[in-house]
Every structure is written in structure tokens, then in C-alpha cells.
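# Residue-level structural notes
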Amino acid sequence: YRKIYYSQYLIVVLALVIVSGLALLGHWAMKQLSYEDQFVIPWAAGRSWLLEGIDPYDDQVIQLARTTLNDVDFRGRLPGAAEFDAPFLNLVFSLPLSLLPYEIARTIWVSLLGLSLAASGFMLLKLSQWKTSSVEKIAVIILLLGWLPALQLVLKGSLIPIILLLILSGIYAILQGKDTLAGFLLALTFASVQSTFLILILFIVWSLFHKRWSVLVAYF
């Protein structure tokens, strides 16, 4: 325990209030707004695999996802290409939630995405070394969360906010000389290889030229 300007217990309470607020807001939004649900198929794939031993790429997964959406009060719909075609590593992020009922899992997922966007905003400020006060940092993060494309990503349940946070955290770790941590974080972005392939190639080439072997070892 160490003394800071604000009580640490107050910070914990505020954090819980913020997380609960994000969960309630997300739960309300999913009941009011129509959206394409990008979480339900990975959730169904993980649930089928863990509880019944079904191949995550089996057609039964799509049937479970469709039935689930029909049975809940949310206004989500299956994506246009209704199939699980992501790398298997993609399930790392949704497997723990696959053991929970869909409505609870989806609400938690919305909160995680919102927190990931907020953390990404904080990491961007750290990387830019923009000298701002705490109030200004909070204002920037709130603006990021209120940005329409960001809200759409959260509502859809897209994995992109988490991938963005992993990339920014990986860059920050490299700058801090924590190469092993950076390689591990960048390895997790392979779950969204379609959108991060070029970035990963650039990191690998950069690590080779600078002989940062720890990044490559941890990544592979």
C-alpha cells in the first residue's frame, strides 16, 4: 500500500462503477439497436468445442449461433458470411465466455471492448508523449469512446479493439526494452491476421534489422 493523492479504495470503486456502467449501457444498446453480431459465432464455436467436443468449424456451430440469437432479447443478427473462418487462435479471447450463457457473455464482451478502446486511447497518449493533465487525458479517452466507428465496433462485438490494444501495448513494450513481452503480445494479434498481417511483417523485418531476437523468439 502506498499513499497517493486519491484514495486507492475510491479508485477501485470508481473502476467498478465504470465497468458496471459500460455493461448496463451495452446491454441496453443491444436491446434497442439492430446490429451485425460478430461475437455469437466464436462464442458458439467455443461452447460447442468445450462442452460437446464438436469441431469449431462444423455447421452445427452456425445453427447454435442462429438459435441463440433467436432466443435472446438482443437485436443482433448473423454476419452476411455466417461461418467461423477465423484462425483457431481467435477462440483464445472468447473461450472463457463460451462457458457462460450468451446474454451474460455478450454483456461482458461489450464491457471488455469498451475498456480496450479506453486503454488504447491511454496507450496512444503514452506513445505520443503528449503532455496533458489527467482531466485532458480523460476527455480524450471519452471522445474516443464516443466516436461513432468505435461505438459500432463495440456494438458488433468486433475483435478489433482488443487487437488494437495488443499492437499498441506491443509497441510500447518494445520502446521500454521489454522484448519478450512485446513478442508475446504481438503473437496474440495473429487471431486477426487478415487485418494485422502487414503490421506483423513490418515488426518481424524491423526486429531482424535491429537484431532484437527476443521479440522474434517470443512471437514465434
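Residues numbered from 1 in each chain as written. Predicted model: local features only at pLDDT ≥ 70, side-chain atom pairs only at ≥ 80, totals over all residues. Heavy atoms only, no water.

## Structural notes on empty space enclosed by the protein
Under the convention used in this document: As defined here, a cavity is a set of points on a 1 Å grid over the protein atoms alone where a 1.4 Å probe fits but cannot get out. A pocket is an open set with protein on both sides within 12 Å along at least five of seven lines, and residues line them when an atom is within 4 Å of a point. Grid points are joined across faces, edges and corners, and a volume is the space filled by probe spheres set on the points. To qualify as a helix, a DSSP run of H or I must reach at least 4 residues; to qualify as a strand, a run of E must reach at least 2; elements of each kind are numbered from the N terminus. Residues were grouped as follows: Ala, Val, Leu, Ile, Met, Phe, Trp, Tyr, Cys and Pro as nonpolar; Asp, Glu, Lys and Arg as charged; and all remaining residues, including Gly, as polar.
By the definition in use, this model includes one cavity of 30 Å³ or more. A volume near 50 Å³ is recorded for the largest cavity. Together, Leu186, Leu200, Phe203, Ile204, Val215, Leu216 and Tyr219 line the largest cavity. Put simply, the parts of the chain that give the lining of the largest cavity at least two residues each are helix H10 (193-209) and helix H11 (213-219). Within the lining of the largest cavity, the residues separate by chemical class into seven nonpolar, no polar and no charged.

## Notes on helix H3 (residues 59-71)
Filter applied, for reference: To estimate the expected span of a helix, count its residues, drop one, and scale the result by 1.5 Å. Exposure categories follow from relative accessible area, calculated using a 1.4 Å probe and restricted to protein chains: below 20% of the type maximum is buried, above 50% is exposed, and the middle band is partly exposed. Directions pointing from the helix axis toward each C-beta atom define the arc. Two N or O atoms count as a polar contact when they lie within 3.5 Å, although within protein this holds only if one can serve as hydrogen donor and the other as acceptor, and sequence-adjacent residues are included solely when both atoms are side-chain atoms.
Counted at 1.5 Å a residue, the expected span for H3 with its 13 residues is 18 Å, and the 19 Å between its end C-alpha atoms agrees. Within H3, the full set of buried residues consists of Val61, Ile62, Ala65, Thr68 and Leu69. Taken down its axis, H3 places every buried residue within 125° of arc, on the same side. Exposed residues pointing more than 90 degrees away from the buried face of H3 are listed as Asp59, Asn70 and Asp71. For H3, the capping residue at the N-terminal end is aspartate 58, with a side-chain oxygen 2.8 Å from the backbone nitrogen of glutamine 60.

## A word on the packing of aromatic side chains
As a reminder, the rule being used: For Phe, Tyr and Trp, rings pair up if their centres lie within 6.5 Å, where Trp contributes its six-membered ring, and each pair is then called stacked (planes under 30 degrees apart), edge-to-face (over 60) or tilted (otherwise).
For the coordinates displayed, the defined rule picks out six aromatic pairs. On the numbers, 5.3 Å between centres and 70° between planes, the contact of tryptophan 43 with tyrosine 102 is edge-to-face. Residue tryptophan 43 is found in helix H2 (residues 40-52), and its partner tyrosine 102 is found in helix H5 (residues 102-128); the two are separated by 59 residues along the sequence. Take tryptophan 43: its relative accessible area is 3%, and that puts it in the buried class. The class for tyrosine 102 is buried, based on a relative accessible area of 4%. For the ring pair phenylalanine 74 and tyrosine 102, a centre distance of 6.4 Å and an interplane angle of 65° mean the geometry is edge-to-face. Here tyrosine 102 lies in helix H5 and phenylalanine 74 lies in the loop between H3 and strand E2 (76-77), a separation of 28 residues in the sequence.

## Examining unusual backbone geometry
In this structure, glutamine 129 is a non-glycine residue whose phi angle is positive, near 55°. Inspection of the secondary structure assignment puts glutamine 129 in the loop between H5 and helix H6 (134-145). Judged by relative accessible area, which is 63%, glutamine 129 ranks as exposed. Backbone geometry places lysine 211, a non-glycine residue, at a positive phi of 55°. Assignment of secondary structure puts lysine 211 in the loop between H10 and H11. Overall, lysine 211 belongs to the exposed group, its relative accessible area being 60%.

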